[in-house]
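Analysis of the macromolecular model
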Amino acid sequence: MCKLLLIALAIILFTGCNEPIKTPQTQTITKTAVNTEQTSTKNSAVNIEETQALVLLSGLPTLGTTDSIAIIEMDPESANFGKILYDYPLPKLDAPMHHLYYSPNGRLYATGLGSQCSLAEISLVRNAMAEPIINKFDCLNTNGQNVGEDIMWHSVNGELYMFVTFMGGSDLTQLDTGTVGVFNPQTNEVIKIIEARKSQVAQGQPYIMFPHGISAYGDRMVVTSSTHPAIASEVGNTVTIIDLNTFEPIETIVIEDANPVGFPSSPVEVLFVRPSIVEGVEPAILVNTLFGFETWKIPYNEQTKIFSTPEKLYDGATAGTAVPLEFYGNEDELFISHGVPGIVKRYDLKQLPNLVSSGEDIKAESGAHHMIFYKSAAGRKLIAVQNNLLNLGDVKDNDPTDIDFIAKLNHHSLTVHDLVTGERLGEINFKEKYQKGIDNIEALFGSGFTHHH
Amino acid sequence: MKSAKVVGVLIPIFIASTIYYINNKKPATHLVEFTAPFVFGRFTVPQNNPLTQESVLLGRRLFYDPLLSSNNQVSCATCHKQPLAFTDGLKTSVGVSGKPLAFNSMSLVNLMWGPKHFFWNGRSPSLEDQAIQPIEHLDEMSRNIEDLLVDLNNDDTYRDLFKRAFGEVSAQGIAKALANFQRMLISSNSRYDQYIRGELTLSSIEEQGRKLFMAHPDTKVILRGGNCIDCHSQFLTGGFSTMFDGFSNNGLDDDQALQAGLFTLTNNEAHRGLFKAPTLRNIAVTAPYMHDGRFTTLEDVLAHYNGGIKRSKTLSPLIIEADNIPKTQKNHISLNLNDDEIIAIIAFLHTLTDKEFLTNPAFSNPFTEENNNG
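Residues numbered from 1 in each chain as written. Chains lettered and ligands numbered in written order. Predicted model: local features only at pLDDT ≥ 70, side-chain atom pairs only at ≥ 80, totals over all residues.

Here we look at the overall build of chain B
- Secondary structure assignment for chain B yields 15 helices and three strands.
- Once the C-alpha set of chain B is aligned to its principal axes, its extents read approximately 105 × 50 × 40 Å.
- Each of the 374 residues in chain B was classed as buried or not, and the buried ones make up 41%.
- Nonlocal contacts in chain B, meaning residues at least 24 apart in sequence, comprise 67% of its contacts between residues at least 6 apart. (Helix = DSSP H or I, 4+ residues; strand = E, 2+ residues; numbered from the N terminus. Buried ≥ 20, exposed ≤ 12 C-beta atoms within 10 Å, placed from the backbone. Contact = placed C-beta atoms within 7 Å.)

Printed below as a string of structure tokens:
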């Protein structure tokens, strides 16, 4: 909660000096009536599910709604666009579920921002009408880890593991107990909890503060230290390298330059650019900094296993953007979302690890965050952007919608754009339409790209 | 007087319409309820043949009844035995004529997913169409449908089952019921299914086989692969739903011996020698293998892909290209797997056996059940 106030303050400080960028508005969909007969006919004709997505939705207590996982139609050319096709109510938890992930074997997982359910597996099946439904939601044993963020499946010496970052780690009341969980990807059992508390390691030794972003290449993993999920004053400015042969942290690298809003840089998401993403690429880590508003590159020499001095590739403070968040990609481009002013920047994948623009920004909405790539039923290439940072408010915040205290970063919407031109084709505002907030989106059949939001 | 006349006319009309209504009213049916793995993908059921409990019950009885053959000795189950994943263990099946048929009996499993083209050569567009063909085929069951309808109408049990499922005995009802029983042959509890659900861990040799199964070999990055998934991506279900995806020439014959295959359906020379890539579910119990049952064991099958491929004009390019060592001999096509890798792939194929499916009473012979119950 305090972290959010901090973010809010930072955004207000930053955006107060900038004119909001005007974007062409697409009318929020209001059509709800559905011709079920027509739907049924279409179902039998084509696989309509390729335009469907899973979304994590947060109930807004003062609006009388509750948390759920929904399947939604995302084809802007469909009469059902924006319609919730299926809604699975989640149990009452101390914080919203945050991210959805498919494992390499197609199992569905979610991380959660609280203590009661920081990691869960969701069982997706089909009923006799061929409709996807959820028949089980299991909160997993994490040995008491709090505030799950990102998941990555990665093979080390021929063995596959599931890695999860826990920003709150083992004790939310402490300043530096963030952890990385190593799980058996078959049984979901904890293999190891990687912890390196700054207050306990010797001076100059590697440490992990509040791990959020995660990425890996070969036997090297990188996690960020962004912000403490409960203690407002604690903001990180480092990434930590973990040796996957031993699961031990081996190096902590400071990622910081100017502090445009007076706080540490808060590295958030990372991407280890590697040959499986770009053939022949020289590996490097890309890092987005939440409060630095920057994107950094850390070159990596695969032979010597040495990480070089970080280089700043992009400076949002001068470019008029803030809160860079996610790395996503397809076969040709890398996409980075910027919560302020709510855009997605696009880069030539082949030019990585350098950021060479491949086209105009996609103008989404404030809080531009997660995204999916898919095709409409007619074959048009699309990108959908979730425009919402976090839904962590509650009644105590004395706000009628519970979550608008970070209004500048919570637009509560998904916007759908033509992937080639960036043209906005549709918008679904969940607060207006369903009285809920949106936390995450994942294509029903997965995103098809190695990302680690 | 006038009123009495009117009543006299109305009463017979009322009685007649009531009788007509009773005889022709649509039976009250109940949809089957089940869940299936999401990873199987979306399935479709024809709108004119909803998956009702009544049609499945009727279909199961028809499937096991030799009444459907001219000599009253051959049923669908003669060539599709449950313990063999609904195959018959023969090189090619034998029906009422006693002559070996042209094709090896295909396994019946997870048929709701995908297929738009049934049989090895894709000659049938639907399960309903497919269900009738063997009944009428002179070498298979050789049954005259009109005669069969008479016999079914004379059987109280069938008359009742048809009435409940479709209202009356009909050829269309036979096809629909058989199709729906086959749709319910759902298998989702093999060791591999359990692995996918996280309920067990594969042994190291099974896991090695799984990785080889899933990989297309790439010598540039030293990735070894069995190349299986290239043609068998729908290996857990009944096949593909897109056009002729899933039909492939896997190098069984050279140009001189190339059999018609999909060409039978399309008259397209590019389709000569292409046969359906079958499900691999329960493959360990469905020997012999290939459309003509030419391979007795899985070892024979692997040996074929590991050096026995015959080149022809329609041979799959995925097979030509796949090799675990850099290509040196232009005309020699082989995966070049080593013995351990072959053993591993076969070990993985055994994880696809669903013992629960092979013994599920819901799919078994209802006549045996009736006899046992006295």
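A short note on the overall build of chain A
- If you tally the helices and strands in chain A, you get four helices and 29 strands.
- Considering chain A as a whole, with its 453 residues, one finds that 53% of them fall into the buried category.
- At a minimum sequence separation of 6, the contacts of chain A that also span at least 24 residues come to 54%.

Regarding unusual backbone geometry
- Here the bond from leucine 352 of chain A into proline 353 of chain A is cis, since omega is 10 degrees, no more than 30 degrees from zero.
- In this model, alanine 287 of chain B is joined to proline 288 of chain B through a cis peptide bond whose omega is -5 degrees.
- For proline 288 of chain B, the position within the fold is in the loop between β3 (275-276) and α11 (298-308).
- Look at glutamine 435 of chain A: it is not a glycine, yet its phi comes out positive at around 55 degrees.
- Turning to its location among the elements, glutamine 435 of chain A is positioned in the loop between α4 (430-434) and β29 (436-443).
- The phi torsion at methionine 290 of chain B lies on the positive side, around 80 degrees, for a residue other than glycine.
- Within the secondary structure layout, methionine 290 of chain B lies in the loop between β3 and α11.

Some thoughts on the packing of helix α2 (residues 53-63) of chain B against helix α7 (residues 171-183) of chain B
All names here are of chain B.
- Where α2 contacts α7, the axes come no closer than 7 Å and their chain directions differ by 95 degrees. Judged on the interaxial angle alone, α7 and α2 are roughly perpendicular. Only Ile174, Lys176, Ala177, Leu178, Asn180 and Phe181 of α7 make contact with α2, whose side of the interface consists of Ser55, Val56, Leu58, Gly59, Arg60, Leu62 and Phe63.
- When grouped by side-chain class, the residues that make up the contact of α2 with α7 number eight nonpolar, three polar and two charged. (Axes fitted to C-alpha atoms, helices over the stretch in contact; angles between N-to-C directions. Parallel < 35°, antiparallel > 145°, perpendicular 65-115°, else oblique. Nonpolar A, V, L, I, M, F, W, Y, C, P; charged D, E, K, R; others polar.)

Section: the sheet that holds strand β27 (residues 410-418) of chain A
All names here are of chain A.
- Read across the open sheet, the four strands follow the order β25-β26-β27-β28; overall the sheet is antiparallel. On the outer flanks of this sheet lie β25 (368-375) and β28 (424-429), each paired with one strand and no other. Neighbour-to-neighbour, the strand axes of this sheet turn through a mean angle of 20 degrees, independent of strand direction.
- Sheet topology places strand β26 (residues 381-388) next to β27; seven bridges connect them, and they run antiparallel. Along β27, the bridge assignment pairs isoleucine 383 with histidine 417. (Pairing = 2+ DSSP bridges.)

Looking at the interface of chain A and chain B
- Contact residues are listed per partner, giving 17 residues for chain A and 17 residues for chain B.
- Considering every element that reaches the side of chain A that touches chain B, the biggest residue donor is strand β6 (residues 119-126) of chain A, with three residues.

Some words on the UniProt feature "binding site: heme c 2" (unreviewed entry) in chain B
All names here are of chain B.
- The feature "binding site: heme c 2" (unreviewed entry), as annotated in UniProt, sits at Cys228, Cys231 and His232 in this numbering.
- Within the secondary structure layout, cysteine 231 lies in the loop between α9 (204-214) and β2 (247-248).
- If near-sequence neighbours (up to four positions away) are discounted, histidine 232 is found in contact with Ala277 and Leu280. (UniProt positions renumbered as here; feature names shortened; annotations may be inferred.)

Some points on the domain arrangement of chain B
Residues and elements named next belong to chain B.
- As far as domains go, chain B holds domain 1 (25-186) and domain 2 (191-356).
- A separation of 28 Å is found between the C-alpha centroids of domain 1 and domain 2.
- Listed per partner, the contact involves 25 residues of domain 1 and 29 residues of domain 2.
- Broken down by class, the residue content of the side of domain 1 that touches domain 2 amounts to 13 nonpolar, nine polar and three charged. (Domains from an automatic or database assignment.)

Points about the sheet that holds strand β1 (residues 52-59) of chain A
Residues and elements named next belong to chain A.
- Reading across the sheet, the four strands line up as β3-β2-β1-β29 and stay open at both edges, with antiparallel pairing between neighbours. The outermost strands of the open sheet, each flanked by one partner alone, are β3 (84-89) and β29. Sheet twist, expressed as the mean angle between neighbouring strand axes with direction ignored, is 25 degrees.
- Two elements, β1 and strand β2 (residues 68-73), share six bridges in a ladder whose sense is antiparallel. By the bridge assignment, leucine 57 is partnered in β2 with serine 68.

Quick notes on the packing of α11 of chain B against helix α13 (residues 339-350) of chain B
All names here are of chain B.
- As a packed pair, α11 and α13 sit with axes 10 Å apart at the nearest point and diverge in direction by 130 degrees. The orientation of α11 with respect to α13, classified from their angle, is oblique. Classified by chirality, the crossing of α13 by α11 is right-handed. Facing Leu298, Glu299, Leu302 and Asn306 of α11, the residues of α13 in contact are Ile342, Ile345, Ile346 and Leu349.
- The residue inventory of the contact of α11 with α13, partitioned by class, reads six nonpolar, one polar and one charged. (Left-handed = near helix turned anticlockwise from the far one by under 90°.)

Section: the environment of methionine 141 of chain B
Residue and element names in this part refer to chain B.
- Counting through the fold element by element, methionine 141 comes out in the loop between α4 (127-136) and α5 (145-153).
- In this structure methionine 141 comes out as buried when scored by C-beta crowding, with 25 C-beta atoms within 10 Å.
- The spatial distance from the C-alpha of methionine 141 to the C-alpha of leucine 68 is 6.9 Å, given a sequence separation of 73 residues.
- Not counting the four nearest positions on each side in its chain, methionine 141 is found in contact with Leu68, Ser69, Ser70, Val74, Gly95, Val96, Pro134 and Ile135.

Overview of the nonpolar core
- Core analysis: the largest hydrophobic core is formed by 111 residues, its most contacted members being Ala53 and Ala384 of chain A.
- In terms of residue count, the dominant contributor to this core is strand β9 (residues 159-169) of chain A (six residues).
- Membership of the second largest hydrophobic core comes to 48 residues, among which are Val56, Cys76, Trp120 and Phe162 of chain B. (Core = buried A, V, L, I, M, F, W, Y, C linked by C-beta atoms within 7 Å.)

So, the UniProt feature "binding site: heme c 1" (unreviewed entry) in chain B
All names here are of chain B.
- Those residues carrying the UniProt feature "binding site: heme c 1" (unreviewed entry) are Cys76, Cys79 and His80 in this numbering.
- As for its placement among the helices and strands, cysteine 76 is situated in helix α3 (residues 76-79).
- With 24 C-beta atoms counted inside 10 Å, the residue cysteine 76 sits in the buried group.
- Setting aside its immediate chain neighbours within four residues, cysteine 76 contacts Phe63, Leu68, Pro134 and Leu178.
- Residue placement: histidine 80 occurs in the loop between α3 and α4.

Quick notes on the confidence of the model for chain B
- For chain B, the average pLDDT comes to 92, and 96% of its residues sit at 70 or higher.
- The complex model carries a pTM of 0.87, and its ipTM stands at 0.84. (pLDDT = per-residue confidence, 0-100.)

Regarding the pairing of strand β15 (residues 248-254) of chain A
Residues and elements named next belong to chain A.
- Where strand β14 (residues 235-243) lies against β15, six bridges are found, and the strand directions are antiparallel. Counterpart to threonine 238 in the pairing with β15 is valine 254.
- Connecting β14 to the next strand, β15, in antiparallel fashion are four residues, including phenylalanine 247 with a positive phi near 60 degrees.

Remarks on the environment of proline 353 of chain A
Residues and elements named next belong to chain A.
- You can see proline 353 is positioned in the loop between β23 (343-348) and β24 (362-363).
- Measuring from C-alpha to C-alpha, the distance between proline 353 and serine 118 comes to 32 Å, with 235 residues separating the pair along the chain.
- When near neighbours in sequence (up to four residues on either side) are disregarded, proline 353 contacts Val273, Val281, Ala284, Leu286 and Lys297.

Thoughts on the pairing of β26 of chain A
All names here are of chain A.
- Extensive coverage of β26 is indicated by the burial of seven of its eight residues.
- Note that β25 and β26 share six bridges and pair antiparallel. When the bridges of β26 are listed, alanine 368 appears paired with asparagine 387.
- The turn joining β25 and β26, which pair antiparallel and follow one another in sequence, is formed by five residues; a positive phi near 100 degrees is taken by glycine 379.

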